[in-house]
Amino acid sequence: MEFRPGYIFQTNSFLKGENEKWKPIDRSLSTHLRYSFQLLPHTLAGQVYNSPYQGIGLGYYNFNEPKFLGNPIALYLFQGARIAKFNSRLSLNYEWNFGLSFGWKPYDFLENYYNVIIGSKTNAYLNVGVHLNWMLAPNVDLITGFTLSHFSNGNTNFPNAGLNTADVKIGLVYNFNPPDTRLSKPLFESPIPVFRRHISYDMLLFGSWRRKGVAYGDQQIASPDKYTVLGFNFNPMYNFGYRFRAGASLDGVYDGSANVYTEDYIVGTDQQFYRPSFSKQIALGVSGRIEYVMPYFTIGLGMGVNVLHRGGDFKALYQILSLKMEVTRNSFLHIGYSLNDFHDPNYLMLGIGYRFNNKAPNIHR
């Protein structure tokens, strides 16, 4: 179980005090109940990945503004591993969380017009952090650390400014392992197979939907429509070792919201939104990619530019954050998010992929 008191970053006027109480919304508190399993240190995967653990968590959030933000519940997957071991009882670990949060009070023109940051009742939840793991007893650990959290709907609804927090965390862990597996050194460790560097090829097909705010003068006007996004990535990746690979990607996308526009109008009349021709809503880009590989999950980062397009929304640099979840040795599910110019929300990337020429030794046992 963990407790995480936090600070809400003051990223817009609503959080800074432009709300019903005319006070900043800058504090959060969450409680988390989690269950995980850990690969033992003497196994092949435990040796290569520094005793990773992975599991599922449930968190309850309080932002001290239930009327306009709600008290959401987060359901998420998490994974972590050791960064450094100081002695037999103290280590420094990293961890990420990824899932969904439910129970938000979204923006409503009539009843919740102050809340200009959250547009959906359900939002994605992302969290990364580091912590110290203290072994208090053979079966009990104390954890203390620091995390960063992000909530948003991936541009599937409008508005989508999101909410970001910085948290300290303190928690207690009960380990069901027999005590001798934690404190005593195993009698033997399996030799790690030699990793032969090679190039693998990931083919990904993805799709999603998104809402769009269309620029009119100095403001954004929300389009009432939902737009389809479809695309593919082809990633040749050089595998440096068990945990790291890097390469490039050919990225194709059809974005039904790209270059949507609205014409001048008279105040009080219905707003008209227009779609351009198909050729202005497709693009082909090239990006650089790096990936950090762990048992069952791979975290990826990418940055690229569209090289074939007809301008407008496709002119920007784009960035990609992705999570690949292993289904079989070579197939995976993909959850990703694309940004433009490091700050403008773009679209979700929900897909399925396959890895060709995968020559990495299979050590997940």
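The rules behind each value
Residues numbered from 1 in each chain as written. Predicted model: local features only at pLDDT ≥ 70, side-chain atom pairs only at ≥ 80, totals over all residues. Heavy atoms only, no water. Helix = DSSP H or I, 4+ residues; strand = E, 2+ residues; numbered from the N terminus. Rg over C-alpha atoms; globule rule 2.2 N^0.38 Å. Contact = heavy atoms within 4.5 Å. Buried < 20%, exposed > 50% of the residue type's maximum accessible area, 1.4 Å probe, protein only. Polar contact = N/O pair within 3.5 Å; in protein donor to acceptor, adjacent residues only side chain to side chain. Core = buried A, V, L, I, M, F, W, Y, C linked by side-chain atoms within 4.5 Å. Salt bridge = Lys/Arg side-chain N within 4 Å of Asp/Glu carboxyl O. Phe/Tyr/Trp six-rings, centres within 6.5 Å; stacked < 30°, edge-to-face > 60°. 1 Å grid on protein atoms, 1.4 Å probe; cavity = no way out; pocket = protein on both sides within 12 Å on 5 of 7 lines; lining within 4 Å. Points joined across faces, edges and corners; volume = space filled by probe spheres on them. Nonpolar A, V, L, I, M, F, W, Y, C, P; charged D, E, K, R; others polar. Pairing = 2+ DSSP bridges. Axes fitted to C-alpha atoms, helices over the stretch in contact; angles between N-to-C directions.

Draft legend 1. Local environment of the overall build of the protein chain. Scanning the protein chain from N- to C-terminus turns up three helices and 20 strands. Against the compact-globule benchmark of 21 Å for 365 residues, the protein chain has a radius of gyration of 23 Å, which places it among compact chains. On the principal axes, the C-alpha backbone points of the protein chain span a range of 80 × 50 × 25 Å. Counting only contacts in the protein chain whose residues sit at least 6 apart along the sequence, the fraction spanning at least 24 positions is 61%.

Draft legend 2. Region of the structure containing the side chain of serine 287. Here serine 287 shows up in strand 16 (residues 282–293). For serine 287, a relative accessible area of 2% translates into the label buried. In terms of polar contacts, serine 287 uses its side chain to reach the side chain of arginine 289, at 3.0 Å. Excluding its chain neighbours within four sequence positions, the residues that come into contact with serine 287 are Gly247, Ala248, Ser249, Asp251, Met303, Gly304 and Tyr318.

Draft legend 3. Up close: the nonpolar core. Counting residues in hydrophobic clusters, the biggest one holds 18 residues, and the most contacted among them are Phe14, Leu15, Phe63, Leu69, Ile117, Phe151 and Leu163. Those elements that place two or more of their residues in this core are helix 1 (13–16), strand 3 (53–62) and strand 4 (70–87). Here this core takes three residues from strand 4, the largest share from any one element. Each residue touching isoleucine 117, except ones within four places of it in the same chain, is listed here: Asn12, Phe14, Leu15, Leu69, Pro159, Asn160, Ala161, Gly162 and Leu163. Ranked by size, the runner-up nonpolar core spans 13 residues in total, among them Leu39, Tyr242, Met294 and Ala360.

Draft legend 4. Geometry of the pattern of salt bridges. Under the defined criterion, the tally for this structure stands at 13 salt bridges. Between glutamate 2 and arginine 4 there is a salt bridge, and its shortest N-O distance comes to 3.0 Å. Taking relative accessible area as the criterion, glutamate 2 reaches 1% and is therefore assigned buried. The network of salt bridges with shared partners includes Glu2, Arg4, Arg34, Glu95 and Lys169.

Draft legend 5. Expanded view of the packing of aromatic side chains. According to the stated counting rule, one finds 25 aromatic pairs in the structure shown. Look at phenylalanine 63 and phenylalanine 151: their rings are 6.0 Å apart centre to centre, the planes differ by 85°, and that puts the pair in the edge-to-face class. Note that phenylalanine 63 is positioned in the loop between strand 3 and strand 4 and phenylalanine 151 in strand 7 (residues 140–152), a separation of 88 residues in sequence. Side by side, phenylalanine 63 and phenylalanine 151 carry an identical accessibility label, which is buried.

Draft legend 6. Representation of the environment of glycine 312 within the structure. If you trace the backbone, glycine 312 turns up in the loop between strand 17 (297–308) and strand 18 (317–326). Taking the C-alpha atoms as reference, glycine 312 lies 7.8 Å from alanine 258; in sequence the two are 54 residues apart.

Draft legend 7. Structural detail: unusual backbone geometry. In the segment running from phenylalanine 158 into proline 159, the intervening peptide bond is cis, with an omega of 10°. Structurally, the position occupied by proline 159 is in the loop between strand 7 and strand 8 (163–174). Even without being a glycine, serine 51 presents a positive backbone phi close to 55°. Inspection of the secondary structure assignment puts serine 51 in the loop between helix 2 (44–49) and strand 3. Here tyrosine 296, not a glycine, exhibits a phi torsion of approximately 75°, which is positive. Mapped onto the elements of the fold, tyrosine 296 is located in the loop between strand 16 and strand 17. Assessed through its relative accessible area of 30%, tyrosine 296 is described here as partly exposed.

Draft legend 8. Region of interest: empty space enclosed by the protein. Tallied over the full model, the rule gives one cavity of 30 Å³ or more. Of the pockets and cavities examined, the largest cavity occupies roughly 40 Å³. Lining the largest cavity are Arg289, Ile290, Glu291, Gly300, Leu301, Gly302, Ile320, Ser322 and Lys324. Only strand 16, strand 17 and strand 18 provide two or more residues apiece to the lining of the largest cavity. By residue class, the composition of the lining of the largest cavity is three nonpolar, three polar and three charged.

Draft legend 9. Here's a closer look at the pairing of strand 18. Across the ten residues of strand 18, seven count as buried, placing the element largely inside the fold. Of the strand pairs in this sheet, strand 17 and strand 18 are connected by nine bridges, and their pairing is antiparallel. Residue pairing across strands places threonine 298 opposite lysine 324, the latter belonging to strand 18. Connecting the antiparallel pair strand 18 and strand 19 (residues 331–340) is a turn made up of four residues.

Draft legend 10. Expanded view of the sheet that holds strand 20 (residues 344–356). Strand order in this closed barrel of eight strands is 9-12-13-16-17-18-19-20, and the pairing throughout is antiparallel. Strand-to-strand twist across the sheet, computed as the mean angle between neighbouring axes with direction ignored, equals 25°. The pairing of strand 18 with strand 19 spans nine bridges and is antiparallel. Bridging from a neighbouring strand, methionine 325 pairs with leucine 333 of strand 19.

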